[in-house]
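Listed below, chain by chain, are the residues.
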Amino acid sequence: MSKLVFLDLSRNYFSGNIPRDWTGSLDLKIIDFSNNKLSGEIPSSMCSQLPSLKWLRLSNSNLSGNLESSLQTCRNLSALDLTGNNFSGTIPDCIGDNLHTLSYLLLGANKFTGNIPHQLCDLSSLQVLDLSQNNISSSIPACLGGLKQMTTGDGGLLGNSWVMNLRISLSLYGPMHIDLNVKGVEYEYIDNILGLIKKFDLSSNNLWGEIPEEVKNLMALGSLNLSHNHLTGKIPEGIGSLHELEALDLSSNHLWGLIPSSMTSMTSLSKLNLSFNNFSGPIPSANQFPTFDPTSFEGNSGLCGPPLPTQCSSASHNDLAPKVEEDEEDKYGKLWFYASTALGFIVGFWVIFGSLVIKRSWRHAYFQFLDNMKQALLLLLEVTRLSRSLRAWKMVD
């Protein structure tokens, strides 16, 4: 087996542990044990004894354990597919620290907990990230909006020199392939198509916080799925810059506000799901938006307009956005009024009383004026009293 390059034992009924001794297979580049009935952990020897290993596919094989020790010695992987197993613990930092050539990371449908490691942001070749259906509890790191392959699309898996050489050397053995759910349907993608797929899937976790504004930078992204989490806030207005996006699923979160009008510029979008949130206002009516299925917007009691049967009132259609602006202006207008009133009182107080404190002659004159006014007022009151008494006496006579 010293010349073995491709080992595909997928879709069988193999059981037991993955072998620990891989000496003598130094040229092995691709291993696919997916869809079997294996058990145990991934032996760390797979990476330490297979320096040429580039493609490791162990999906749906009943494997378990913690990945930290299993992947610690991996350095050259470009595809790691562990979907549909029972791996637990946190997603190890070493994936981002060591696997600098990783293009495909699929860890969905496992039992991972903890945070999304910020080290994943350093994977400049990453073009498919699938962490769906786990128990990850964190916010979405803003730095994921800087993943190079999802922002510019330069290079990609097909552009890497090792892949070109690998495809030539493996032309007699069969294609590389991965199962991906891109538009709600799972397909098997082979190597000549995989290089075109750009997918970001964090669905069905316990993610919280807002969708980072930096998501607008993922301009090469084809599929974005953040559904079934606990995300809050509004959809970033800049999301309209994702012109390559074909599928967007934000359903079953706690998002609110208007659906950004900029989304109508996403003309490649053919699959949209914003259901079961707290969106309100009119659904954008330009381009393909009226053609989306009504179920894409269900569960948002404040939404109106096609394709929903709920008609928008003239107020909700024309005045919703201006009302928000007016409320903002009114809020700041009142704030300015109260601030200027307080400032005027303070300035007026110190102009008058400050002068009296500083100028002794003014102080004496001021208090003399007050004393004179008091005497005049008392005299006026006394005259009024005497006048009334005189009128009463005359009426008695």
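Everything numeric in this text was worked out from a predicted model, so none of it was measured.

The rules behind each value
- Residues numbered from 1 in each chain as written.
- Predicted model: local features only at pLDDT ≥ 70, side-chain atom pairs only at ≥ 80, totals over all residues.
- Heavy atoms only, no water.
- Patch = residues over 30% accessible without salt bridge, like charges linked within 9 Å, V, L, I, M, F, W, Y side chains within 5 Å.
- Areas by Shrake-Rupley, 256 points an atom, 1.4 Å probe, with all protein chains shown as cover.
- Salt bridge = Lys/Arg side-chain N within 4 Å of Asp/Glu carboxyl O.
- Lys, Arg positive; Asp, Glu negative; His and termini not counted.
- Charge placed at Lys NZ, Arg CZ, Asp CG, Glu CD.
- Helix = DSSP H or I, 4+ residues; strand = E, 2+ residues; numbered from the N terminus.
- Disulfide = S-S within 2.5 Å.
- Buried < 20%, exposed > 50% of the residue type's maximum accessible area, 1.4 Å probe, protein only.
- Contact = heavy atoms within 4.5 Å.
- Pairing = 2+ DSSP bridges.
- Core = buried A, V, L, I, M, F, W, Y, C linked by side-chain atoms within 4.5 Å.
- Phe/Tyr/Trp six-rings, centres within 6.5 Å; stacked < 30°, edge-to-face > 60°.
- Axes fitted to C-alpha atoms, helices over the stretch in contact; angles between N-to-C directions.
- Polar contact = N/O pair within 3.5 Å; in protein donor to acceptor, adjacent residues only side chain to side chain.
- pLDDT = per-residue confidence, 0-100.

Draft legend 1. Here's a closer look at a negative patch on the surface. A cluster of acidic side chains, namely Glu68, Asp93, Asp97 and Asp122, defines a negative patch on the protein surface. Looking at the element boundaries, Asp97 is found in helix 3 (residues 94–98).

Draft legend 2. Focus on the state of the cysteines. One pass over the structure, following the stated rule, counts 3 disulfides. Disulfide pairing is shown between Cys47 and Cys74; the S-S distance is 1.8 Å. Here the disulfide of Cys47 and Cys74 is right-handed, its torsion about the S-S bond being about 70 degrees. Of the two residues, Cys47 is situated in helix 1 (residues 45–48) and Cys74 in the loop between helix 2 (67–71) and strand 7 (79–81); the sequence distance between them amounts to 27 residues. We note that Cys47, like Cys74, is buried. Disulfide partner of Cys304: Cys312, at an S-S distance of 2.0 Å. Linking Cys304 and Cys312, the disulfide has an S-S dihedral of approximately 105 degrees and is accordingly described as right-handed. Here Cys304 falls in the buried class, since its relative accessible area comes to 6%. Assessed through its relative accessible area of 24%, Cys312 is described here as partly exposed. What links to what in the protein chain: the bonded cysteines, counted in sequence order, pair as 1-2, 3-4, 5-6. Lacking any disulfide linkage, Cys94 is separated from the closest cysteine sulfur, that of Cys74, by 7.6 Å.

Draft legend 3. Structural detail: the environment of Glu210. Relative to the helices and strands, Glu210 resides in strand 16 (residues 208–210). Note on Glu210: relative accessible area 54%, which makes it exposed. Remark: the alpha-carbon pair of Glu210 and Ala142, spanning 68 residues in sequence, is separated by 10.0 Å. Not counting chain neighbours up to four residues away, the residues in contact with Glu210 comprise Thr232 and Gly233.

Draft legend 4. How the structure looks around the sheet that holds strand 12 (residues 135–136). Strand order in the open sheet formed by 4 strands is 6-8-10-12, and the pairing between neighbours is parallel. Two strands in the sheet have a free side with no partner beyond their single neighbour: strand 6 (64–66) and strand 12. As judged from the 3 bridges shared by strand 6 and strand 8 (residues 86–90), these two strands associate in the parallel manner. Looking at strand 8, one finds that Asn66 is bridged to Ser88.

Draft legend 5. Quick look at unusual backbone geometry. Note that the residue after Pro306, namely Pro307, is joined by a cis bond; omega there is 10 degrees. Along the chain, the position of Pro307 falls in the loop between strand 23 (302–304) and helix 7 (314–318). For Asn60, which is not glycine, the phi torsion reads 50 degrees and is therefore positive. Summarising the element assignment, Asn60 is placed in the loop between strand 5 (55–57) and strand 6. Even without being glycine, Ala109 reaches a positive phi, approximately 60 degrees.

Draft legend 6. Structural context of the nonpolar core. In terms of nonpolar packing, the biggest core is built from 72 residues, with Ile95, Phe200, Leu248 and Phe297 touching the most fellow members. Discounting chain neighbours no more than four positions away, the residues touching Ile95 are Leu71, Leu102, Leu105, Leu107, Leu120 and Leu123. In this structure, Ile30, Leu106, Ile178 and Ile197 belong to the second largest nonpolar core, which totals 10 residues.

Draft legend 7. Representation of the packing of aromatic side chains. Applying the stated rule across the entire model yields 3 aromatic pairs. Between the aromatic rings of Phe289 and Phe292, the centroid separation amounts to 5.4 Å while the plane-to-plane angle is 85 degrees, which identifies the pairing as edge-to-face. In this structure, Phe289 and Phe292 share a single accessibility class: buried.

Draft legend 8. How the structure looks around the pairing of strand 22 (residues 278–282). In this sheet, strand 22 lies alongside strand 20 (residues 254–257) in parallel orientation, the contact comprising 2 bridges. Bridge pairing in strand 22 links Gly257 to Phe279. Inspection of the sheet shows strand 22 paired to strand 23 by 3 bridges, in the parallel sense. Residue Gly281 lies in a different strand from strand 23, and its bridge partner there is Leu303.

Draft legend 9. Summary view of the sheet that holds strand 22. An order of 16-18-20-22-23 is seen for the 5 strands of this open sheet, with the pairing classed as parallel. Lying at the two open borders of the sheet, with one neighbouring strand each, are strand 16 and strand 23. Across this sheet, the average inter-strand angle for adjacent strands is 25 degrees, counted without regard to direction.

Draft legend 10. Inspection of the side chain of Asp32 at higher detail. Residue placement: Asp32 occurs in strand 3 (residues 30–32). Among the polar contacts made by the side chain of Asp32, one reaches the side chain of Ser34 at a distance of 2.7 Å.

Draft legend 11. A look at the confidence of the model for the protein chain. In the predicted model, the protein chain carries a mean pLDDT of 82, and 73% of its residues have values of at least 70. Least confident of the elements in the protein chain is helix 5 (residues 161–169), whose mean pLDDT is 47; most confident is strand 18 (residues 230–233), at 98. Taken together, the stretch residues 155–164 has pLDDT below 50 and engages in 19 contacts with residues farther than four places along the chain or on a different chain. In this model residues 166–173 is a low-confidence stretch, pLDDT under 50, and it forms 12 contacts with partners more than four residues away in sequence or in other chains.

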